[in-house]
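Read off the chains here:
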Amino acid sequence: MLIVMEPNATEAQIQRVADFIESKGFDAHISKGEIQTVIGAVGGKTIDSRDIELIDGVLKIIKISSSYKLASRVFKPQNTVIKIKDVSIGGEELAMIAGPCTIESYEQMELTASELQKSGVKLIRGGAFKPRTSPYSFQGLGEEGLKIIREVADKYGMLVVSEVMEISQIPMFLEYADILQVGARNMQNFNLLKELGYTNKPVIIKRGLSAMIEEWIMSAEYVMAGGNRDVILCERGIRTFETATRNTLDISAIPVVKKLSHLPIIVDPSHGTGLRDKVAPMSRAAVAAGADGLILEVHYEPDKALCDGAQSLYPNQYADLVKDLKIIAPVVGKKI
Ligand code: PEP
Ligand code: MN
């Protein structure tokens, strides 16, 4: 951290800042310029920068090191590649996760999976516990839903991705799912993140509705600090003033995260746009921007979907998208 003093800061004020940061376990490196003095705080653990900002004579604070370590590319320069059976996420192969928003019935999952298998899908998604905005909306089939998605996935040799909403559900998810998803609304449920850190299954962390990239990576750090290093970040759109789409898909988050972190980043253009006709263009853009994969809502008959039908692709639209991605992926060193 660098502390920039006011041009007219006195010697006593400079010394007060130096004494304060030293009292917190940092070394103070004072650099006096002709007009301004800058103090470098080096080596300590944590400090609340506001405490320094409030000292008389301080102009501003410039943070240099990030608050996350394990998730940082400085800590681990090479990309993390997560392997689960015959699938890897974060490597050359794009991770394509597809399936309905919600598990509705065995028939719905079976019909959807049989279509997706024709397009080479190896990771099937489907929510059993749904974080719905209204308590009166369909909340998911619960454990019964997890049993269905597991059975259908096994039939087609696929892996299961599903959202875990609370700590008490973790043992159930470890039994039925291969990848545990943390939803946007739970991105800062630190108790849930901590517990997921003690599991040995990969965790997808969706970006919170209004989360800054740093906060999102800090959520990954929570899981990693518990010992589970298999974390995948998922950009799913953020809240902005724009109302033409359900959320604003932040494509720029992809290169930003790639620079800051070694973790894989995937993109969810279904929740990111909320509209089926926007999903393919945003999927193509995400892959072109360097995403490691996509998570897409696909339903065998979207018009009958109990949840998010308007943003779910028809199976033939998914198949067409895969054809486009086969052309785009090699440009960014990926394949599908
Ligand atoms: C979902 O993927 O089903 C979901 C609810 O997504 P999000 O948490 O991004 O809203
Ligand atoms: Mn959905």
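The model shown is predicted, which means the values in this text are computed figures rather than measured ones. (Residues numbered from 1 in each chain as written. Chains lettered and ligands numbered in written order. Predicted model: local features only at pLDDT ≥ 70, side-chain atom pairs only at ≥ 80, totals over all residues. Heavy atoms only, no water.)

S.K.: Before we move on, can you summarise the pattern of salt bridges with the specific residues and values?
M.R.: Inspection of every chain in the model, using the stated rule, returns 17 salt bridges. Linking Lys118 and Glu115 is a salt bridge whose minimum nitrogen-to-oxygen distance equals 3.4 Å. Taken as a pair, Lys118 and Glu115 lie in helix 3 (residues 106-118) at a separation of three residues, close to a single helical turn. With a relative accessible area of 64%, Lys118 lands in the exposed category. With a shortest N-O distance of 2.6 Å, Lys258 and Asp292 are connected by a salt bridge. (Salt bridge = Lys/Arg side-chain N within 4 Å of Asp/Glu carboxyl O. Helix = DSSP H or I, 4+ residues; strand = E, 2+ residues; numbered from the N terminus. Buried < 20%, exposed > 50% of the residue type's maximum accessible area, 1.4 Å probe, protein only.)

S.K.: Pulling in residues and values, what's your account of helix 3?
M.R.: Residues separated by three or four positions in an α-helix point in the same direction, a consequence of the helix having 3.6 residues per turn. Compared with an ideal rise of 1.5 Å per residue, which puts 13 residues at 18 Å, helix 3 spans 19 Å between its outermost C-alpha atoms and is within 8% of the ideal. Listing the buried residues of helix 3 in full gives Gln108, Met109, Glu110, Thr112, Ala113 and Leu116. Here the buried face of helix 3 lies against strand 7 (95-99), strand 8 (123-125), helix 4 (143-156) and helix 11 (315-328). (Expected span 1.5 Å × (residues − 1). Contact = heavy atoms within 4.5 Å.)

S.K.: Account for the sheet that holds strand 10 (residues 179-182), naming residues and giving values.
M.R.: Taking strand neighbours around the barrel as the criterion, the eight strands line up as 7-8-9-10-11-12-13-14 in a closed arrangement whose pairing is parallel. Pairs of neighbouring strands in the sheet enclose a mean axial angle of 25 degrees, with direction left out of account. On the sheet, helix 7 (residues 213-225) packs against strand 11 (203-206), strand 12 (231-235) and strand 13 (265-267) and is oriented at approximately 160 degrees with respect to strand 12. This element, helix 8 (residues 253-260), spans strand 12 and strand 13 of the sheet and lies at about 170 degrees to strand 13. (Pairing = 2+ DSSP bridges. Axes fitted to C-alpha atoms, helices over the stretch in contact; angles between N-to-C directions.)

S.K.: I'd like a description of the nonpolar core, backed by residues and values.
M.R.: Counting 65 residues, the largest nonpolar core has Ile205, Trp216 and Tyr318 as the members making the most contacts within it. Residues in contact with Tyr318, not counting those within four places in the same chain, are Met96, Ala98, Leu116, Ser119, Val121, Leu296, Val298 and Leu313. In terms of nonpolar packing, the next biggest core, distinct from the first, is built from 17 residues, Ile3, Met5, Val17 and Ile21 among them. (Core = buried A, V, L, I, M, F, W, Y, C linked by side-chain atoms within 4.5 Å.)

S.K.: Residues and numbers for the layout of surface pockets, please.
M.R.: Empty space left among the atoms is revealed by rolling a probe the size of a water molecule over them. Of the voids in this model, the largest pocket is the one considered here, and its volume is about 580 Å³. Its residues assigned to classes, the lining of the largest pocket comprises five nonpolar, seven polar and four charged. (1 Å grid on protein atoms, 1.4 Å probe; cavity = no way out; pocket = protein on both sides within 12 Å on 5 of 7 lines; lining within 4 Å. Points joined across faces, edges and corners; volume = space filled by probe spheres on them. Nonpolar A, V, L, I, M, F, W, Y, C, P; charged D, E, K, R; others polar.)

S.K.: Talk me through the site of ligand 1; I want residue IDs and the actual numbers.
M.R.: Taken together, Arg125, Lys130, Glu163, Gln181, Gly183, Ala184, Arg185, Lys206, Arg236, His271 and Glu297 make up the full set of residues near ligand 1. Between ligand 1 and Arg185, the relevant distance is 2.9 Å, taken from an oxygen atom to a side-chain nitrogen or oxygen of the residue. Side-chain polar atom of Arg236 to an oxygen atom of ligand 1: 2.7 Å apart, as the coordinates give it. A total of 300 Å² of accessible area belongs to ligand 1 in isolation, and the protein chains cover 96% of it. Residues that form the shell around ligand 1 fall into these classes: one nonpolar, three polar and seven charged. (Near = heavy atom within 4 Å. Polar contact = N/O pair within 3.5 Å; in protein donor to acceptor, adjacent residues only side chain to side chain. Areas by Shrake-Rupley, 256 points an atom, 1.4 Å probe, with all protein chains shown as cover.)

S.K.: Lay out the environment of Tyr318 in plain terms, naming residues and giving numbers.
M.R.: The topology assignment puts Tyr318 in helix 11. In this structure the C-alpha to C-alpha distance between Tyr318 and Met5, which are 313 residues apart in sequence, comes to 57 Å.

S.K.: Let's hear about the sheet that holds strand 3 (residues 37-42): which residues, and what values?
M.R.: In space, the four strands of this open sheet follow the order 2-3-1-4, with antiparallel pairing throughout. Where the open sheet ends on each side, the last strands, each with one partner, are strand 2 (27-32) and strand 4 (58-62). Neighbour-to-neighbour, the strand axes of the sheet open up by a mean angle of 20 degrees, direction not taken into account.

S.K.: I'd like a description of the pairing of strand 14 (residues 293-297), backed by residues and values.
M.R.: Burial analysis of strand 14 places five of its five residues in the buried class, which makes it a mostly covered element. Here strand 14 shows a buried face lined by Gly293, Ile295 and Glu297 and a second buried face lined by Leu294 and Leu296. Both strand 7 and strand 14 contribute to a ladder of five bridges, which runs parallel. The residue of strand 14 that forms the bridge with Gly99 is Glu297. Here strand 13 runs beside strand 14; their pairing, made up of two bridges, is parallel. Looking across to strand 14, one finds that Val267 is bridged to Leu294.

S.K.: Got a sec to walk through empty space enclosed by the protein? Specific residues and values, please.
M.R.: Scanning the entire structure with this criterion turns up one cavity of 30 Å³ or more. A volume near 40 Å³ is recorded for the largest cavity. Take the lining of the largest cavity: its biggest share by element is three residues, from strand 9 (residues 159-163). Its residues assigned to classes, the lining of the largest cavity comprises two nonpolar, four polar and three charged.

S.K.: I'd love a proper account of the side chain of Gln311, names of residues and values included.
M.R.: Locating Gln311 in the fold gives a position in the loop between strand 14 and helix 11. For Gln311, the side chain forms a polar contact with the side chain of Arg246, separated by 2.7 Å. Looking at Gln311, its side chain comes within polar contact range of the side chain of Asp308, at 3.1 Å.

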